[in-house]
Amino acid sequence: MTDQKSSLLKIRGLRIEGRADEKWFEIVHGVDLDLRRGEVMGLIGESGAGKSTIGLAAMGFTRDGCRISAGSIEFDGMELTSSPEEDLRMLRGARIAYVAQSAAASFNPAHKLIDQHTAAPVQHKIRTRRESEEDAMELYRRLRLPHPEEIGFRYPHQVSGGQLQRAMTAMAMSCRPDLIIFDEPTTALDVTTQIEVLAAIRDIVDQFDTAALYITHDLAVVAQMADRIKVLLKGDEVEEADTRSMLASPKEDYTKSLWAVRSFQRQQKPPAGAGETPVISVSGVSAAYGPVKVLDDVSFDIHRGRTVAVVGESGSGKSTAARCITGLLPPTGGDIRHNGQVLPASFKERSKDQLRQAQMIYQMADTALNPKKRIGEIIGRPVAFYRGLRGADLKKRVDELLDQIELEPSQFFHRVPSELSGGQKQRIGIARALAAEPEFIICDEVTSALDQLVAEGILKLLDRLQEDLNLAYMFITHDLATVRAIADEVVVMKEGKVVEAGPKDEMFRPPHHEYTDLLLSSVPEMDPDWLDGLLERRGVDNIGEAARK
Amino acid sequence: MKDVLSLVAKRLGLGFVTLLVVSIIIFGAVELLPGDLAEAILGQAATPETVKAMREELGLDRSAPVRYVEWLGGALQGDFGVSLANKRSVAEQLGPRFRNTLFLAAVAAAFSIPISIVLGVLAALYRESVFDRIANVATLTSISSPEFFLGYILILFLSVQNPWFPSISSVTGDMPFTERVFVTLLPAITLTLVVIAHMMRMTRAAIIALLASPYIEMARLKGEPRWKVIAVHALPNALAPIINVVALNLAYLITGVVLVEIVFVYPGVGQLLVDSVTKRDFPVVQACCLVFAATYILLNLLADVGSILSNPRLRHPK
């Protein structure tokens, strides 16, 4: 379908530099890219691959502290690298539009959606405010947003994440651009919501024959969206091919490793003996934030040396359950037992030893580690607090812990978190939890902020630690691939209730509870026809409905 | 909207409690002064009999808590007692003075708030430019100079060398509005120079702090011009800190004007306060302090409410 179309975007030898510590470092090393009218190209790679930087450069835009140092970017015959800022401004929004990763952060909280939608067409004198408002409603309808006449008059915080992401796609369409840059538009969404947004984006790009650069780290997603795929690694192109041949036969080793990344899978351990007391037993727990009930009669057990994965969409109560177990949020009903003993509801009433037994690892290692403290202090503090070690003993124990998480003590002891990579920071988070020598660790979305290869390393480490120390894990995640990799038992939660629970092998085998089925079938697969097939099975017009069921 | 109302009600309650605490401190501070008040007032005329009579007249023979409750009860009804110096009602003296102080503050605010916010926005828009640096240096210079010094400089240039403005701002109650503004102009400009730097720099900083936000990048990627990105997209989200610093400076315009009022012989509360302290006229001092405290608390309260209302999440709940 794209063969006879003319070239729209031509990038040659693009080099981009970023500034750090008063020096310029090259972050994109001479990338070429060709995009024809109406074509969708997927840009894929891990974080730091330069995907977003290249995407923004296609609009003649660089973030503060970055500059284009060489190469040419030609958009429809116009050279962007040498164009004055004012000409670029006339282009942006009007002919090239941008859809950002987090719509919640990219819509201005102070203005209604419609005001933000109409800004570009009015600014570029393409439509009057009135025409643009009517057009917005039409686009909202096409993107299957609920209440298209009225939804634009809400503020961003009054609209859900998936709807916002579609409203942002509508906003990008407001001037009927020739090219849209989609920068990870579904990464922040739940799987069920992701499907709606993917389908909506694909439809509207088709309907208006818009060309698109689709940036993502998720292969299965890009397989649904793109005509061609370009793989990037650390600012270099690895390879490029059309979607089907790329999926069928990747040429480069790096691409193959990306394809194989979901291969880690641990055998499910045999269920614990009937008489064995669980390490943590949650029975009939209910909890509320003020008048809002968030957990309703939740029960599950976690046994020594086993991993229980708690899955569900955002708002399903997964993290609240963890807060109840740790005593941060005293439950309104039910109780939590540790080795058969009822734990006090609030952490304030628990003894030091009870506190020691349940540790947490957080999603964002960035914010969970004190940026001012050195690694030795971060890990040393719980060692000193729970074990009372001082001086040389303390240092020795911290070194042991660093060894356990496979980081060389002499290299890391004196560093601060900002000098570490994302994966290394998460390892420090693990070491800090281990420092208390707990029996039970809650892992709250510990891999969702990490690239797939790095995430796999973390999962393997957690698995090995479980073997060595006989730890029990409660693994909170919305990623079913992670569940498949590491869980022994699965608890599926929805709206504060447990809808299904059981051993992993059973959970991934039909028949499922209706909701589990929806979750499982919503995980994108590495098959370019998967989305079409799914939409057909569910009936295209009611994806939204299916997801809300 | 109900949430906002209950939040505002809570803040109001807290403000009232603060004022109560401050009133205790003001009353207590006078109590703690060394020596006997009656003896101090009588000075050389202090004989045991006159002191006793004076103590009775002042009510000093009764316990402090009783006098405090009486004083507070009166103050709540606008009765601050009688001045020791001239036996006139304190409220009667304070009322017109306070109106004058408010008038001066209003004139100064009418200049300084728009100027500093516009300057702050421009400095953020052209940050790191020559304009930004000059604005920064100029406002810093003016905030670093003592206000009496600024006042005398203004008098030197604007009323001595060029006789445009009166150097003494004697306002009277029956003055027409325009004339009143005219004579108030020099002290108002002095105050403007003092408060502008703080507000301008906060406006600039609050806006620049937001420039890395994704929604600012989005506005730029939609091709909106720079001034719109700053004024339409950044400024409304920077309002909370700006409102706070504006309120703080408004409070200063009312309670910190003592020196400026003296330089320009302006009949405001500040002058009254200084006069009363020298005359040991404690009822007046207490009343002035209480009025200042109330102003301060009220303005901070307004700032809190303003910041709450500037948050669209609270204005438009789900």
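These figures come from a predicted structure and were not determined experimentally.

About the thresholds
- Residues numbered from 1 in each chain as written.
- Chains lettered and ligands numbered in written order.
- Predicted model: local features only at pLDDT ≥ 70, side-chain atom pairs only at ≥ 80, totals over all residues.
- Heavy atoms only, no water.
- Phe/Tyr/Trp six-rings, centres within 6.5 Å; stacked < 30°, edge-to-face > 60°.
- Helix = DSSP H or I, 4+ residues; strand = E, 2+ residues; numbered from the N terminus.
- Lys NZ or Arg CZ within 6 Å of the ring centre and 35° of its normal.
- Patch = residues over 30% accessible without salt bridge, like charges linked within 9 Å, V, L, I, M, F, W, Y side chains within 5 Å.
- Areas by Shrake-Rupley, 256 points an atom, 1.4 Å probe, with all protein chains shown as cover.
- Salt bridge = Lys/Arg side-chain N within 4 Å of Asp/Glu carboxyl O.
- Buried < 20%, exposed > 50% of the residue type's maximum accessible area, 1.4 Å probe, protein only.
- Contact = heavy atoms within 4.5 Å.
- Axes fitted to C-alpha atoms, helices over the stretch in contact; angles between N-to-C directions.
- Parallel < 35°, antiparallel > 145°, perpendicular 65-115°, else oblique.
- Left-handed = near helix turned anticlockwise from the far one by under 90°.
- Nonpolar A, V, L, I, M, F, W, Y, C, P; charged D, E, K, R; others polar.
- Domains from an automatic or database assignment.
- Buried area = accessible area lost by both parts, 1.4 Å probe.
- Pairing = 2+ DSSP bridges.

### Describing the packing of aromatic side chains
Under the criterion given, the structure shown has 7 aromatic pairs over all chains. Note on A:F385 and A:Y386: the rings are 4.9 Å apart at their centroids and 80 degrees apart in plane angle, and the pair reads as edge-to-face. A centroid spacing of 6.2 Å and a plane angle of 45 degrees characterise the contact between B:Y68 and B:W71, whose relative ring orientation is tilted. Placement of the pair is B:Y68 and B:W71 together in helix α4 (residues 64-76), with a separation of 3 residues, close to one helical turn. Aromatic rings pair up to connect B:F27, B:Y68 and B:W71 into one cluster. In this arrangement the basic side chain of A:R67 is found over the ring face of A:W24, its NZ or CZ atom lying 3.9 Å from the centre. If you follow A:K395 out to its NZ or CZ, it ends over the ring of A:F413, 4.3 Å from the centre.

### A few points about a nonpolar patch on the surface
Residue and element names in this part refer to chain B. Residues F148, F149, Y152, I153, L156, F157, V160 and L259 make up a contiguous nonpolar surface patch of about 720 Å² in total accessible area. Per element, the largest residue contribution to the nonpolar patch is 7 residues, and it comes from helix α7 (residues 147-161). Here F157 shows up in helix α7. Of the residues examined, F157 reaches a relative accessible area of 41% and is grouped as partly exposed.

### Digging into the side chain of B:T184
Here B:T184 shows up in helix α8 (residues 177-210). With residues near it in sequence (within four places) discarded, B:T184 still touches B:F103, B:L104, B:V171 and B:Y266.

### What about the packing of helix α6 (residues 130-144) of chain B against α8(B)?
All names here are of chain B. Taken N-terminus to C-terminus, the directions of α6 and α8 make an angle of 140 degrees; their axes are 7 Å apart at the nearest point. Taken together, the axes of α6 and α8 are oblique relative to one another. Between α6 and α8 lies a crossing whose hand is left-handed. Contacts from D132, A135, N136, T139, L140, S142 and I143 of α6 reach α8 at L193, V194, I196, A197, H198, M200, R201 and R204. Its residues assigned to classes, the contact of α6 with α8 comprises 8 nonpolar, 4 polar and 3 charged.

### A word on the domain arrangement of chain A
Residue and element names in this part refer to chain A. In terms of domain boundaries, chain A breaks down into domain 1 (7-259) and domain 2 (280-509). Centre-to-centre, using C-alpha coordinates, domain 1 lies 36 Å away from domain 2. Between domain 1 and domain 2, the residue contacts involve 9 residues of the former and 5 residues of the latter. Counting each side, the surface lost to burial between domain 1 and domain 2 is near 760 Å², with a carbon and sulfur contribution of 41%.

### Focus on the pattern of salt bridges
Residue and element names in this part refer to chain A. Applying the stated rule across the entire model yields 45 salt bridges over all chains. E196 serves as the salt-bridge partner of R166, at 2.8 Å between the closest nitrogen and oxygen. Within this pair, whereas R166 is found in helix α6 (residues 161-173), its partner E196 is found in helix α7 (residues 191-207), the two being separated by 30 residues in sequence. As far as burial versus exposure is concerned, R166 and E196 are alike and both buried. Where salt bridges share partners, they join R36, E39, R228, K230, E237 and E240 into one cluster.

### Thoughts on the pairing of strand β8 (residues 211-216) of chain A
Remember that side chains alternate between the two faces of the sheet whenever the strand is regular. Residues and elements named next belong to chain A. With 6 of 6 residues buried, β8 lies mostly within the body of the structure. On β8, burial covers both faces: A211, L213 and I215 on one face and A212, Y214 and T216 on the other are all buried. Strand direction decides the pairing type here: strand β3 (residues 40-44) and β8, joined by 5 bridges, are parallel. If you follow V40 over to β8, its bridge partner there is A212. Bridge count for strand β7 (residues 179-183) against β8 is 5 bridges, and the pairing is parallel. Counterpart to L179 in the pairing with β8 is A211.

### Thoughts on the sheet that holds strand β17 (residues 440-444) of chain A
All names here are of chain A. Here we have 6 strands laid out as an open sheet, ordered β16-β17-β18-β13-β19-β20, and mixed in their pairing. The open sheet has two edge strands with one neighbour each: β16 (358-361) and β20 (497-503). On average, each strand axis in the sheet is inclined to that of its neighbour by 20 degrees, with strand direction left out of account. On top of the sheet, helix α17 (residues 422-435) reaches β16 and β17; it is set at about 175 degrees to β16, its chief contact. Sheet strands in contact with helix α21 (residues 514-522) are β19 (489-494) and β20, and its direction is about 100 degrees off that of β19.

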